[in-house]
Amino acid sequence: MHIAICMWGLMRSIRFTIDSYRQYVLAPVSAMNHTYEVIVHTYKLQHAYSNARNLETSVWINETDWRLLRPNYVHVEQQEEFDVNVNYPLYQSKGDYWDNNYLCLKNHMRALNSLHHVTLVVESLCQSRQRRSPTAAKCFDAIIFLRPDVEFLHPLPVHLLNGIGSNRLYVPDFHRSCRPGEYNDRMA
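Parameters and conventions
Residues numbered from 1 in each chain as written. Predicted model: local features only at pLDDT ≥ 70, side-chain atom pairs only at ≥ 80, totals over all residues. Heavy atoms only, no water. Bend = angle between axes of the 7 residues up to and from the residue. Helix = DSSP H or I, 4+ residues; strand = E, 2+ residues; numbered from the N terminus. Contact = heavy atoms within 4.5 Å. Disulfide = S-S within 2.5 Å. Buried < 20%, exposed > 50% of the residue type's maximum accessible area, 1.4 Å probe, protein only. Polar contact = N/O pair within 3.5 Å; in protein donor to acceptor, adjacent residues only side chain to side chain. Pairing = 2+ DSSP bridges. Axes fitted to C-alpha atoms, helices over the stretch in contact; angles between N-to-C directions. Phe/Tyr/Trp six-rings, centres within 6.5 Å; stacked < 30°, edge-to-face > 60°. Lys NZ or Arg CZ within 6 Å of the ring centre and 35° of its normal. Right-handed = clockwise from strand over helix to strand, strands pointing away.

J.: Would you explain helix H1 (residues 14-31) in this entry?
T.: The largest bend in H1 is about 45°, located at Tyr-21. Packed against the buried residues of H1 are strand E1 (2-8), strand E2 (35-44) and strand E6 (142-146). The first or second residue beyond H1 is Asn-33, which carries a positive phi of 65°.

Dropping the structure here:
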């Protein structure tokens, strides 16, 4: 099985989570004799990062920490350029769900962009490979989406990938707000 491991979002915590990622994600995948490619999208900031919701103030993010992931593909986007091209007032007109002066809304939009980017890369890689070899099987048998700020405490249940199909999605059942049908975005 060949797997796309997609990491998306700010790399502000990867120095603290990289060991758990190697031990509990990459090692179990390799132990099952699966191959993988790591695909990364992140942002470069021209200023210190602050997020009142997470009690983070004036944190300088090392713009090269993504290298710890040893990606096969990486795209580092200027966050300020992304922000300039988003019509935030359009989204803000719907209200401030988090009630924090739209800070979380902006972060959410950035996260969705990052997730979208890695998804497009996976699709593009597959299309490119199929053009080169039309008889080749699909290029990825499974896709794993992970955030770099998650510390893994248990091995990824790689055995579940044996039953994966084109219409199957696995999401973890942890850290929910206890509302029915609600899940977090830490991995899929």
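J.: For this particular structure, what's the right way to read the state of the cysteines?
T.: Cysteine pairs can be covalently joined through their sulfur atoms, and such a bond is termed a disulfide. Per the stated rule, a full pass over the model turns up one disulfide. Between Cys-126 and Cys-139 runs a disulfide, and the two sulfur atoms are separated by 2.0 Å. Because the sign of the S-S torsion sets the handedness, a value of about -80° for the bond joining Cys-126 and Cys-139 places this disulfide among the left-handed ones. Of this pair, Cys-126 sits in helix H4 (residues 103-132) while Cys-139 sits in the loop between H4 and E6; the two residues are 13 residues apart in sequence, bridging distant segments of the chain. Considered together, Cys-126 and Cys-139 belong to a single accessibility category, that of buried residues. Of all cysteine sulfurs in the structure, the one in Cys-126 sits closest to Cys-6, which takes part in no disulfide; the separation is 10.0 Å.

J.: So what exactly am I meant to see when it comes to the side chain of His-41 here?
T.: By the secondary structure assignment, His-41 is in strand E2. Taking relative accessible area as the criterion, His-41 reaches 0% and is therefore assigned buried. Within the local environment of His-41, its side chain forms a polar contact with the side chain of Ser-114, the two groups lying 2.7 Å apart. Excluding its chain neighbours within four sequence positions, the residues that come into contact with His-41 are Met-7, Trp-8, Gly-9, Met-11, His-75, Glu-77, Asn-113, Ser-114, His-117 and Val-118.

J.: I keep staring at the sheet that holds E6 and nothing clicks. Help me out?
T.: Strand pairing within a sheet occurs via backbone hydrogen bonds; the two strands may be parallel or antiparallel. Across the sheet, which stays open at both edges, the four strands sit in the order E5-E2-E1-E6 with parallel pairing between neighbours. Across the chains shown, the open sheet's two edge strands, defined by having one partner strand only, are strand E5 (73-78) and E6. Within the sheet, the average angular offset between the axes of one strand and its neighbour, ignoring direction, is 15°. Relative to E6, E1 runs parallel, the two being bridged by five bridges. Across the sheet, residue Cys-6 finds its bridge partner in E6, namely Phe-145.

J.: Any chance you could explain the environment of Arg-22 here in plain terms?
T.: With respect to the helices, strands and loops of the structure, Arg-22 is situated in helix H1. Considering only alpha carbons, one finds Arg-22 and Leu-69, 47 residues apart in sequence, at a separation of 8.7 Å. Beyond its immediate sequence surroundings of up to four residues, Arg-22 is in contact with Ala-27, Leu-68 and Arg-70.

J.: What exactly am I supposed to notice about the packing of aromatic side chains here?
T.: Between two aromatic rings, the relevant description is the distance of the centres plus the angle of the planes. Here the structure, examined in full by the defined rule, presents one aromatic pair. A cation over a ring is seen here: Lys-106 above Tyr-88, with NZ or CZ 5.3 Å from the ring centre.

J.: I keep staring at the pairing of E1 and nothing clicks. Help me out?
T.: On a regular strand, one side chain projects to one face of the sheet and the next to the other, so that they alternate. Buried residues dominate E1, accounting for seven of its seven residues. The alternating pattern of E1 places His-2, Ala-4, Cys-6 and Trp-8 on one face and Ile-3, Ile-5 and Met-7 on the opposite face, and all of these are buried. As defined by bridge partners, E1 adjoins E2 across seven bridges and the pair is classed as parallel. Residue pairing across strands places Ile-5 opposite Val-38, the latter belonging to E2. What joins E1 to E2 is H1, and the crossover it makes is right-handed.

Read these as geometric descriptors, not functional statements.
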